[in-house]
Amino acid sequence: MMRAVVIAASSSVTPPKAASEKGSSSTGMPDLRVEWVPRPTLAGAPPTSVLLKVHSFGVNRGDLMQRRGHYPPPPGASTIMGLEAAGEVVEVGDGVRGDLATSLQAHPGRAVAPASDPNRVRGSRVTALLAGGAYAEYVVVDARHCIPVPDDVPLPMAAAVPEAYCTAFQTIVVNGGGSRLGRAGGGGSDQPAPPFTVLVHAGASGVGLACVDVARRHGMRVVTTSSADKVAACLRAGADHAIARHGLPAPGQVVAATACCFAADVEAAVGPEAIDLVVDPVFGTAYTQENFRVLRRNGGVVVLSFLNGPRLADFDARVAFRKNNWLKFSTLRDQSADYKADLVLRLRASPVFTLAFPTSMPIAATLVGLDRVTEAHGLLERNATVGKVVVSV
């Protein structure tokens, strides 16, 4: 058996409380409880699986959505919340041999000989991308989705990396590659091409800061938007320009297209139609209209979530049509195991990891104890954080 955080029955809902109350839910959501549940085993799991003893896990907005009943785990995944965890490998599947076993131990600055003995893998410190299950003392994870953690990197810091950086890499490099290809067709000018420029909304969030880091390590210019009190954090993370957005005081508040938002300030910073790629977790008519306003020809928008609602009303697509712009919706949790394995492999081979394990992600809070998950969720609900919130088991 093991302890895990479970969502109480839907009939038990915490009523809205003052946002200042420690551990309270400001919007009214099902209660969370720490309960004894069966410990997962490798029996029946894919042969490339390992059992991870969880030390720490990152808290993500997807967890809040699952708690509300809006983001169910994909088929076959654990129903326990949690999309990333760091800890120690305690059991090893029969398929974790050779290069895969070595990949759980090798990291920048440490060369490891190919391993065929699973005893060499047990005890490895790793951080892992999950489809669910992190809010517990143990979790089964595909070894191909693990990243080894150097001895000098604290596990709470490592727990903040997988979901944010895999999402950022998928957004900037994998999905955003269409913009780079689109620019290659311009041709004909002796003038040097302007820098590939990425606009990252919610730039001080965990994913936002990871996007800044990934883009900078790939030689891109970065512009962020955030609330005014988080502009300095975006600049510290490496943004070339950090803009205080207006017209959207809080996530989830719907604003009219005429009340927004950021386009004029972006144009003042980098010029008109100078953005190649927009990373947008906000969506809604106002943001989408201005996204296409600032894009250059062949540029595109990758939508990660709907903080301002999932619908567009009175959207005028003529500007986007004229510039051959594109719009893509991107998720990670329900991608196939093979897709995630390839994504992690590419991320580890990219400039993000080739020199050192990334440790620049700000940790807004590290809360100790499974019974503090409700408090952690409250921090995200109130949009009171810069970077990630981590819970140590």
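Look up a bit, the structure's there.
Residues numbered from 1 in each chain as written. Predicted model: local features only at pLDDT ≥ 70, side-chain atom pairs only at ≥ 80, totals over all residues. Heavy atoms only, no water.

Enquirer: How should I be thinking about the pattern of salt bridges in this particular structure?
Expert: Should their charged atoms come close, side chains of opposite charge can pair. Counted under the stated rule, the structure contains 14 salt bridges. Note that Arg-3 is salt-bridged to Glu-137, the shortest N-O span being 3.0 Å. With Arg-3 in strand β1 (residues 2–7) and Glu-137 in the loop between β5 (125–129) and β6 (138–142), the pair connects residues that are 134 residues apart, well separated along the chain. Judged by relative accessible area, which is 27%, Arg-3 ranks as partly exposed. Its relative accessible area of 17% is what places Glu-137 among the buried residues. The partner of Arg-144 in a salt bridge is Asp-142, and the shortest N-O contact between them spans 2.9 Å. What makes Asp-142 buried here is its relative accessible area of 11%. One connected set of salt bridges, linked through shared partners, spans Asp-142, Arg-144 and Asp-338. (Salt bridge = Lys/Arg side-chain N within 4 Å of Asp/Glu carboxyl O. Helix = DSSP H or I, 4+ residues; strand = E, 2+ residues; numbered from the N terminus. Buried < 20%, exposed > 50% of the residue type's maximum accessible area, 1.4 Å probe, protein only.)

Enquirer: Explanation requested: the packing of helix α8 (residues 263–270) against helix α9 (residues 284–294) in the structure shown.
Expert: It is at 9 Å that the axes of α8 and α9 come closest, and there the two elements cross at 20 degrees. Regarding the angle of α8 to α9, the classification is roughly parallel. In this structure, α8 meets α9 at a crossing whose hand is right-handed. Of the residues in α9, those in contact with Ala-263, Ala-264, Val-266 and Glu-267 of α8 are Glu-290, Arg-293 and Val-294. Class assignment for the residues of the contact of α8 with α9 results in four nonpolar, no polar and three charged. (Axes fitted to C-alpha atoms, helices over the stretch in contact; angles between N-to-C directions. Parallel < 35°, antiparallel > 145°, perpendicular 65-115°, else oblique. Left-handed = near helix turned anticlockwise from the far one by under 90°. Contact = heavy atoms within 4.5 Å. Nonpolar A, V, L, I, M, F, W, Y, C, P; charged D, E, K, R; others polar.)

Enquirer: What is the right way to read the nonpolar core from this model?
Expert: The tendency in soluble globular proteins is for nonpolar side chains to be buried as a group. The biggest cluster of nonpolar side chains holds 45 residues, and the ones touching the most others in it are Val-50, Phe-57, Val-59, Val-96, Leu-104 and Tyr-135. Broken down by element, the residue count for this core peaks at six residues, all from strand β3 (residues 49–59). Ignoring sequence-local partners within four residues, the contact set of Val-59 consists of Glu-84, Tyr-135, Ala-376, His-377, Leu-380, Lys-388, Val-389 and Val-391. Within the second largest apolar cluster, 42 residues are counted, among which are Ile-147, Val-149, Val-153 and Ala-159. (Core = buried A, V, L, I, M, F, W, Y, C linked by side-chain atoms within 4.5 Å.)

Enquirer: Help me understand the side chain of Gln-66 in this model?
Expert: One can find Gln-66 in helix α1 (residues 61–68). Taking relative accessible area as the criterion, Gln-66 reaches 8% and is therefore assigned buried. Non-local contacts of Gln-66, meaning those with residues more than four positions away in its chain, are made with Ile-7, Tyr-71, Pro-73, Thr-79, Ile-80, Met-81 and Arg-333.

Enquirer: Is there a simple way to explain the packing of aromatic side chains in this structure?
Expert: How two aromatic rings sit relative to each other is given by the distance of their centres and the angle of their planes. Evaluated as defined, the whole model comprises seven aromatic pairs. Taking 5.6 Å as the distance between ring centres and 85 degrees as the angle between the ring planes, the aromatic pair formed by Phe-353 and Phe-357 counts as edge-to-face. We note that Phe-353, like Phe-357, is buried. Here the basic side chain of Arg-39 rests over the ring of Tyr-138, its NZ or CZ set 4.3 Å away from the ring centre. One residue, Arg-333, lies across the ring of Tyr-71, its end atom 4.8 Å from the ring centre. (Phe/Tyr/Trp six-rings, centres within 6.5 Å; stacked < 30°, edge-to-face > 60°. Lys NZ or Arg CZ within 6 Å of the ring centre and 35° of its normal.)

Enquirer: Looking at this structure, I do not really get helix α12 (residues 373–381). What am I missing?
Expert: Every α-helix winds through 3.6 residues per turn, so residues three or four apart in the chain are directed the same way. In terms of residue burial, α12 counts as a mostly covered element, since eight of its nine residues are buried. Considered for burial, the residues of α12 that qualify are Val-373, Glu-375, Ala-376, His-377, Gly-378, Leu-379, Leu-380 and Glu-381. Looking at the buried positions of α12, the neighbouring elements they touch are β1, β2 (32–37), β3, α1, β14 (363–368) and β15 (388–392). Note on α12: the residue one or two positions beyond its end, Asn-383, has a positive phi of about 55 degrees.

Enquirer: Can you walk me through the environment of Val-302 in this structure?
Expert: Inspection of the secondary structure puts Val-302 in strand β12 (residues 295–303). Overall, Val-302 belongs to the buried group, its relative accessible area being 0%. Residues Val-302 and Ile-172, 130 residues apart in the sequence, show an inter-C-alpha distance of 8.7 Å. For Val-302, the residues in contact, after removing those within four places along its chain, are Thr-171, Asn-175, Leu-277, Val-278, Val-279, Asp-280, Trp-326, Lys-328 and Ser-330.

Enquirer: Looking at this structure, I do not really get a nonpolar patch on the surface. What am I missing?
Expert: A surface patch of nonpolar side chains, amounting to about 280 Å² of accessible area, comprises Phe-306, Leu-327 and Phe-329. Mapped onto the elements of the fold, Phe-306 is located in the loop between β12 and α10 (318–322). Residue Phe-306 is classed as partly exposed on the basis of its relative accessible area of 41%. (Patch = residues over 30% accessible without salt bridge, like charges linked within 9 Å, V, L, I, M, F, W, Y side chains within 5 Å. Areas by Shrake-Rupley, 256 points an atom, 1.4 Å probe, with all protein chains shown as cover.)

Enquirer: Sorry if this is basic, but what is going on with the packing of helix α4 (residues 162–175) against helix α11 (residues 337–349) here?
Expert: How two helices sit against one another is set out by the angle between their axes and by the gap between those axes. Running from amino to carboxyl end, α4 crosses α11 at an angle of 85 degrees, the nearest separation of the two axes being 10 Å. If you check the angle between α4 and α11, you find them roughly perpendicular. Note on element contacts: α11 touches α4 through Tyr-339, Leu-343, Val-344, Arg-346 and Leu-347, opposite Tyr-165, Cys-166, Phe-169, Gln-170, Val-173 and Val-174. Broken down by class, the residue content of the contact of α4 with α11 amounts to nine nonpolar, one polar and one charged.

Enquirer: How should I be thinking about the pairing of β3 in this particular structure?
Expert: Remember that side chains alternate between the two faces of the sheet whenever the strand is regular. A large share of β3 lies buried, amounting to nine of its eleven residues. Sheet analysis places β3 next to β6, joined by five bridges and oriented antiparallel. In the strand pairing of β6, Leu-51 is matched with Val-140. Where β3 and strand β4 (residues 84–92) come together, seven bridges link them in antiparallel fashion. Looking at β4, one finds that Val-50 is bridged to Val-92. As defined by bridge partners, β3 adjoins β15 across four bridges and the pair is classed as antiparallel. When the bridges of β15 are listed, Gly-58 appears paired with Val-390. (Pairing = 2+ DSSP bridges.)

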